[in-house]
Every structure is written in structure tokens, then in C-alpha cells.
Amino acid sequence: MPGTNTVKHIPRVKPPKRCRFRAFRIMKHSVNRPPTPDAAEDQGKEPTLQEIINIKLIESGEKERLMELLRERLIDCGWKDEMKALCRAYIKKKGRNNVTVDDLVHLITPKGRASVPDSIKAELLQRIRTFLMSAAL
């Protein structure tokens, strides 16, 4: 009926089902994601040199190129397969239902960082230095 103020029926939306895989529920709260700073805290601060460099790397697209180079090098040297094998061995030892993503991250992170070949670290460092020289930071 035109002219009357009727409220349309809005269908009730069901909340999404909980994922039965615990790992997918946990991933939302990744340990690698830094906490979001409050806007009030950020307003008076000058960005650090590290933050400025990171911004420049992102804006230029160089950070994505460096990440892709790192992925390629780690796959080529067998690092990725080594980390996958460590994860599988840990899961097999503890039992599939007794391991969380956080457990794996805490186990693998120190070993993974320590086992990145020095040649790859040096190559990435050189690429970053070259970028900084060309960007005149």
C-alpha cells in the first residue's frame, strides 16, 4: 500500500558456521601480525628510519619483488621442503589432533630463521642496499 509506513520484512541472517578445522579458526589471530596501533598514539610520532624504508619499499613495489626472490631462492635450495618435513615429523610425533598452527610456528620459526643460507641473506641485503642507494634515502 503506497503512502503507509510499513516495515519490510528483513530475512534473518544466520551467523557463519564455525569451521571444523581448528587451524583455520586460529589463523585469523596470526602471531606474525603486529597489533594495530591506536590512532592517538601515532599522531605525534615521527616515523623511524625502518618504517620509512618499509614504506618506500612498498610504494615502489620492490618489497613484493624481494619477497618473490626470497621465495624462489628458498625453494631452489630446499629450505621449504626441509621446513615442511620438520612440520610433518612434529605432527606425526604429537598426533594430528594435538597440534595447532601456533605450535608449529613456535617450533619452526627459530629453526627456519637459523637455516636460511647466508648466500640468500647476502643477496637480499645487497638488493636492499642497491634500492636504498637508488632511492637516495
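As the structure is a computational prediction, the values presented were derived from the model and not from experiment. (Residues numbered from 1 in each chain as written. Predicted model: local features only at pLDDT ≥ 70, side-chain atom pairs only at ≥ 80, totals over all residues. Heavy atoms only, no water.)

> Help me out: how do you make sense of the overall build of the protein in this one?
Per the secondary structure count, the protein includes 7 helices and 0 strands. Listing each helix as α and each strand as β along the protein from the N terminus yields α-α-α-α-α-α-α. Within the protein, the fraction of its 137 residues that count as buried is 15%. Taking as baseline every contact in the protein between residues at least 6 positions apart, the subset at least 24 positions apart corresponds to 68%. (Helix = DSSP H or I, 4+ residues; strand = E, 2+ residues; numbered from the N terminus. Buried < 20%, exposed > 50% of the residue type's maximum accessible area, 1.4 Å probe, protein only. Contact = heavy atoms within 4.5 Å.)

> Can you help me understand the nonpolar core in this one?
Nonpolar side chains in soluble globular proteins tend to end up buried together. Of all hydrophobic cores here, the largest spans 16 residues; its most connected members are L57, L74, W79, L104, V116, I120 and L124. Secondary-structure elements contributing two or more residues to this core are α3 (49–60), α4 (62–76), α5 (79–94), α6 (101–114) and α7 (118–135). The biggest single contributor to this core is α5, with 4 residues. Not counting the four nearest positions on each side in its chain, V116 is found in contact with L74, W79 and K121. (Core = buried A, V, L, I, M, F, W, Y, C linked by side-chain atoms within 4.5 Å.)

> How should I be thinking about the confidence of the model for the protein in this particular structure?
The predicted coordinates of low-pLDDT regions are not to be read in fine detail. Mean pLDDT over the protein works out to 80, with 67% of the residues at or above the 70 mark. Taken element by element, the protein is modelled with least confidence in helix α1 (residues 22–26), mean pLDDT 45, and with most confidence in α4, mean pLDDT 96. Ignoring residues within four places in sequence, the model shows residues 19–30, a span with pLDDT below 50, making 10 contacts including any to other chains. (pLDDT = per-residue confidence, 0-100.)

> Looking at this model, I keep getting lost on α7. Mind explaining?
Since one α-helical turn is 3.6 residues long, residues separated by three or four positions face the same way. Under the 1.5 Å per step criterion, the end-to-end length of α7 is 25 Å for 18 residues, consistent within 8% with the ideal 26 Å. Turning to α7, its buried residues are I120, L124 and F131. Along α7, the residues classed as buried sweep out an arc of 30° about the axis, all on the same side. Every exposed residue of α7 that faces more than 90 degrees away from the buried side is listed here: D118, S119 and M133. Structurally, α7 contributes buried residues whose contacts are with α3 and α4. A136 occupies a position one or two residues after α7 and carries a positive phi of about 55°. (Expected span 1.5 Å × (residues − 1). Arc of directions from axis to C-beta.)

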